[in-house]
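# Structural overview for review
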Amino acid sequence: MKTIKEGKTDLRRWYAVHTYAGYEDAVSRYLKQRVESLAMSDKIFNIIVPKEKNIKIKAGKRTTSEEKIYPGYVLVEMIMEPDSWYVVRNTPRVTGFVGSDSTSPTPLSYEEVESLKARMSGDEPKFKVDFRIGEMIRITDGPFKDYDGKISEVDEARGRVKVLVPVFGRDTAVELDSLQIKKI
């Protein structure tokens, strides 16, 4: 730990705080309110619930949703002192800091925090199409569910694939979302 002479900005570290599952956003709100009401903004700076955008198929439509990267955890950027530790530790629905000793928690590394921020800052989720032409697949959603087929085209930009499905003894081309199929 650095000395106070080097400046307070050098003492800022990110810590992982364990919360009750499902209460991460509530803990973030409570903690922000406590920081404001107890005038701790000079010791507790940022509170983040790590989330990322994901693409899902619901009722045949593509929807994007935010999902927590680490359910049950909130990240707090703070200067670790007894009073700031007390404010965070005694926030409703916080079970404690992550680390071997809960009274002197272990800060996250700079690399961990930067990779998490990069993962969170993805504006639009990318399509990850790892299928090749000629590959055999099984359809998992839609009117052709549980049919087997062969990929004839891959559109990575839109996340779509064309699949040849045998219907009444003839191959029929069906355009599907890449999330509606899986490899056999």
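Please read these numbers as outputs of a predicted model, since none were measured by experiment. (Residues numbered from 1 in each chain as written. Predicted model: local features only at pLDDT ≥ 70, side-chain atom pairs only at ≥ 80, totals over all residues. Heavy atoms only, no water.)

## Topic: the confidence of the model for the chain
Put simply, the rule is: pLDDT is a residue-level measure of predictor confidence that goes from 0 to 100. Strands are runs of DSSP state E lasting at least 2 residues, helices are runs of H or I lasting at least 4, and numbering of each runs from the N terminus. Note on definitions: a residue-residue contact is assigned when non-hydrogen atoms from the two residues lie within 4.5 Å.
This prediction gives the chain a mean pLDDT of 87; 89% of its residues lie at or above 70. Element-level mean pLDDT values for the chain span from 77 in strand β3 (residues 51-58) up to 97 in strand β5 (residues 73-79). The low-confidence segment residues 1-7 (pLDDT under 50) makes seven contacts with residues lying over four places distant or belonging to another chain.

## Quick notes on helix α2 (residues 82-89)
Under the convention used in this document: Partly exposed residues are those whose accessible area sits between 20% and 50% of the maximum for their type, while under 20% is buried and over 50% is exposed, using a 1.4 Å probe and protein chains only. Relevant arc is that of directions from the helix axis to the C-beta atoms, nothing else.
By the burial criterion, the buried members of α2 are S84, V87 and V88. Buried residues in α2, looked at end-on, bunch into an arc of 95 degrees, giving them a common side. On the buried face of α2, the contacting elements are β1 (12-19), α1 (24-37), β2 (44-48), β5 and β6 (94-97).

## Some words on the sheet that holds strand β11 (residues 181-183)
Here is the rule we go by: What makes two strands pair is DSSP finding at least two bridges between them. Simply put, an axis is a line fit to the C-alpha atoms, just over the touching stretch for a helix, and the angle between two N-to-C directions goes from 0 to 180 degrees.
Taken in spatial order, the five strands line up as β10-β9-β8-β7-β11 in an open sheet, and their pairing is antiparallel. Strands with a single pairing partner mark the edges of an open sheet, and in this sheet they are β10 (170-177) and β11. Looking at each pair of strands side by side, their axes are set apart by 45 degrees on average, direction ignored. Relative to strand β8 (residues 148-155), strand β7 (residues 136-139) runs antiparallel, the two sharing three bridges. Following the sheet pairing, I137 is matched in β8 by G149.

## Some points on the nonpolar core
Selection criterion: Throughout this description, the term nonpolar core refers to a set of buried Ala, Val, Leu, Ile, Met, Phe, Trp, Tyr and Cys residues connected via side-chain atoms within 4.5 Å.
Ranked by internal contacts, the top residues of the largest apolar core, which has 17 residues, are I44, V76, M78, V88 and F97. In this structure, V88 is in contact with V17, L31, I44, V76, M78, V94 and F97, ignoring residues within four places of it in sequence.

## Notes on the sheet that holds β2
Strand order in this open sheet of four strands is β2-β5-β1-β6, and the pairing throughout is antiparallel. The open sheet has two edge strands, β2 and β6, and neither has a second partner. Here the average twist between neighbouring strands, direction ignored, is 30 degrees. Two elements, β1 and β6, share three bridges in a ladder whose sense is antiparallel. Bridging from a neighbouring strand, H18 pairs with G96 of β6. Its contacts with the sheet put α2 on β1, β2, β5 and β6, and the angle it makes with β6 is roughly 145 degrees.

## Overview of the pattern of salt bridges
As a reminder, the rule being used: By salt bridge we mean one thing: a side-chain nitrogen of Lys or Arg within 4 Å of a carboxyl oxygen of Asp or Glu.
Scanning the model with the defined rule gives 13 salt bridges in all. Ionic pairing is found between K68 and E24, a salt bridge with its closest N-O pair at 3.7 Å. Residue K68 is located in strand β4 (residues 61-68), and its partner E24 is located in helix α1; the two are separated by 44 residues in the primary sequence. Residue K68 is classed as partly exposed on the basis of its relative accessible area of 31%. Within this structure, D155, R158, R160, E175 and D177 form a network of salt bridges that share partners.

## What to know about the packing of aromatic side chains
The test is simple: A pair of Phe, Tyr and Trp rings is counted when the ring centres sit within 6.5 Å of each other, with Trp represented by its six-membered ring. The angle between the planes then sorts it: under 30 degrees is stacked, over 60 is edge-to-face, the rest tilted.
Under the criterion given, the structure shown has three aromatic pairs. Aromatic side chains Y20 and Y23 sit 6.4 Å apart centroid to centroid with 75 degrees between the ring planes, which places their arrangement in the edge-to-face category. Look at Y23 and you get partly exposed, because its relative accessible area is 36%. With 5.6 Å between their ring centres and 85 degrees between their planes, F144 and Y147 make a pair best called edge-to-face. Accessibility expressed as a relative area gives 23% for F144, which makes it partly exposed.

## Regarding unusual backbone geometry
In this structure, A39 takes a positive phi of about 55 degrees despite not being glycine. Residue placement: A39 occurs in the loop between α1 and β2. Taking the relative accessible area as the measure of exposure, A39 reaches 58% and is therefore exposed. Phi angles above zero are rare outside glycine, and F168 is one such case at about 55 degrees.

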